[in-house]
Amino acid sequence: MFLFSCSVTKNQKKGTVQPQNFYFKTEFTTAKSVIILPFEIDGISKNFLFDTGADFSLIQRDATTGKTENFDGASSRKMKLGTEYVKSMMIGDIEFRNTFAGNGNLEGLKEQIPNFGGLIGQPIISKANWLIDYPNKTLQISSKNLVDNTFQTLQIKREHGAPYTIITINGIEQKVIIDFGSSSEFNLPKESKFAQQLLEQYDFDDNERDRYTLGGIQTIKEKVGIVPLIKLGNMEFKNVNTTINISRQPRIGIGFFKDCEIYIDNLDNSYKIKK
């Protein structure tokens, strides 16, 4: 969800995890299909959105603290936020210490999620392995490998720490960010050439809705339709709900993987999928 003016990867790497070897399993809930996890921040339990598309974690605070910087959202909206090193973020008995985050009053988001604490981004996600069983709403976190060779490894390229991959539609390849902070299945910016091609090939309807994003609630107009087949590696995803609207970049959101187990493997810097 966020870009930042300073060195992204340098700040993402800061912080540590305790203990050195760890494992925890928990159930999770969702909001508009986005994963919500219970984290303790400095000893206080809060609900956090799990967002692979976020360059940094983001902490809900009534007022900004620390040095302020401009952050960009997925919808290309900007917001001035504070920055900090969070002393302690804990899930189960796993503690992420001194990780970098933005902070501010996240109006529009905080009203949608009870006891809202913010977003979990790459400074925390990149420090563990995460096995998400989305159909059964369970999550396992570990310092060690959690899957076998029945999972298919996706080709991943990281840009500023965020994961990108390639999907194929009708033989045409499209680079997309894997953005679990988005409830979309497949989303394209309305200005993109690929979006125009899909509008010519398939039936799309007009839609208007509220989108909860950085900077508050945004009413958007969009095109909505169904793409019959999208290939991701050797896997086929059929009848994918597709939206075309104001967006910073093409993305596949958590909705794309609603029937899957997803493994974020930070031991070998890959994503693995099992349907």
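Coordinates for the structure precede this section.
Report on the accompanying structure.

Rules used throughout
- Residues numbered from 1 in each chain as written.
- Predicted model: local features only at pLDDT ≥ 70, side-chain atom pairs only at ≥ 80, totals over all residues.
- Heavy atoms only, no water.
- Core = buried A, V, L, I, M, F, W, Y, C linked by side-chain atoms within 4.5 Å.
- Buried < 20%, exposed > 50% of the residue type's maximum accessible area, 1.4 Å probe, protein only.
- Contact = heavy atoms within 4.5 Å.
- Helix = DSSP H or I, 4+ residues; strand = E, 2+ residues; numbered from the N terminus.
- Polar contact = N/O pair within 3.5 Å; in protein donor to acceptor, adjacent residues only side chain to side chain.

Some points on the nonpolar core
- Formed by 70 residues in total, the largest nonpolar core has its most connected members in Trp130 and Phe186.
- Beyond its immediate sequence surroundings of up to four residues, Phe186 is in contact with Ile167, Ile169, Val176, Phe194, Leu198, Ile230, Val240, Asn241, Thr242, Thr243, Arg251 and Ile252.

Brief notes about unusual backbone geometry
- Residue Pro19 follows Gln18 across a cis peptide bond; omega there is -5°.
- If you trace the backbone, Pro19 turns up in the loop between strand 1 (16-18) and strand 2 (23-27).
- Its identity as a non-glycine residue notwithstanding, Lys32 has a phi of 50°, on the positive side.
- Along the polypeptide, Lys32 turns up in the loop between strand 3 (29-31) and strand 4 (34-41).
- Phi is positive for Asp42, which is not a glycine, with a value near 50°.
- Relative to the elements of secondary structure, Asp42 occurs in the loop between strand 4 and strand 5 (44-50).

Regarding the side chain of Lys272
- When you line up the elements, Lys272 lands in strand 23 (residues 270-274).
- Within the structure, the side chain of Lys272 is placed 3.0 Å from the side chain of Asp265, a separation counted as a polar contact.
- Dropping the residues within four chain positions of it, Lys272 is found in contact with Val147, Phe151, Gln152, Thr153, Glu261, Ile262, Tyr263 and Asp265.

Keep in mind that these numbers describe shape and distance, not what the molecule does.
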